[in-house]
Amino acid sequence: MLSMTGYGKGEYIEGGLELTCEIKTVNNRYLDVSVKAPRVFAAYEDVIRATVRKKLTRGHADVFISVKDKRERPTALVPDMALAASYVAAAKAVREAFPELPDDMTLTSVLRYPEVLKQEDSYCLDETLKTALDTALNGALDALNAMRLVEGEKLKADMLARVKTIEELVGEISLRAPKIAEEYREKLTARVKEYLADAQMDEGRLLTEVAVFTDRTNIDEELTRLRSHIEQFRSICEEGVVGRKLDFLVQEFNREANTTCSKSNDVTITRAGLALKNEIEKIREQVQNLE
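A brief structural summary. (Residues numbered from 1 in each chain as written. Predicted model: local features only at pLDDT ≥ 70, side-chain atom pairs only at ≥ 80, totals over all residues. Heavy atoms only, no water.)

## Considerations on the pattern of salt bridges
Line of reasoning, step 1. In this structure the tally under the stated criterion is 19 salt bridges.
Line of reasoning, step 2. Ionic pairing is found between D158 and R162, a salt bridge with its closest N-O pair at 3.2 Å. With a gap of four residues between them, D158 and R162 both fall in helix 4 (residues 127-196), about one helical turn apart.
Line of reasoning, step 3. Its relative accessible area of 25% is what places D158 among the partly exposed residues. (Salt bridge = Lys/Arg side-chain N within 4 Å of Asp/Glu carboxyl O. Helix = DSSP H or I, 4+ residues; strand = E, 2+ residues; numbered from the N terminus. Buried < 20%, exposed > 50% of the residue type's maximum accessible area, 1.4 Å probe, protein only.)

Here it is in structure tokens:
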């Protein structure tokens, strides 16, 4: 079981190349990956996202990449031919306008004009840089998942403890529920006798009223489904990626708890039902943190 929140850091330091990758994740319904990296990695962002998707399925992930490249690289000067031609054309126009001025324009002087010679940017995404990125990125993902696993186990322990409380509450309700109809029959009988005094009581009508009440307040199906949900919850918790499954299951828990409370005509069951809903809500909040 994995939490959706976590942090991981990976590094590559070798041969004058230092590359650091940091990943921070927070809750999100789907997987969303944001990459913040130097421009040299712009064409490699899809590969970065694909690597992240192999190890994450839900959550918002911010990927931060920084690099210090102190490797010796060959440099080259590249002439800007269009700019040089513009300088030469401008010089010819000035010479025609002022023929009396001496012409000292040479090839060497043109090369000295601003921006005619530019240093080629040899900083590109070479194989060594790709290797460094892959190493640091996978290291960060492994560290992230290790943290998410630890946090996920804490969430799992908390939720299972709350499921145990839910199971105990369902047990209390189960013990109380069969007594409600009998208590209602006794109260109804006493009330009818009080109203009728010495008159003859219609036992058949009384039994019919009790039967209708019993049917209206019967929560056997709800309790059976709650017990089934408890077993399913424990089973799902042993799987890896469980967030969506548990989210759906908690909705089912809530539905049965609401029905139990709405059918209840007993203070004890209502009190237990409200406690049940409280535990379910706390589990729902925890499930939102799970991948």
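So that's the structure; there's more coming.
## Considering the pairing of strand 2 (residues 17-26)
Line of reasoning, step 1. Relative to strand 2, strand 1 (residues 6-14) runs antiparallel, the two being bridged by nine bridges. Bridge pairing in strand 2 links Y12 to L19.
Line of reasoning, step 2. Connecting strand 1 to the antiparallel partner strand 2 that follows it, the hairpin turn spans two residues, and G15 within it adopts a positive phi of roughly 55°.
Line of reasoning, step 3. Where strand 2 lies against strand 4 (residues 59-69), ten bridges are found, and the strand directions are antiparallel. Within the sheet, the bridge partner assigned to L17 lies in strand 4 and is D69. (Pairing = 2+ DSSP bridges.)

Honestly, it's all geometry; don't read function into it.
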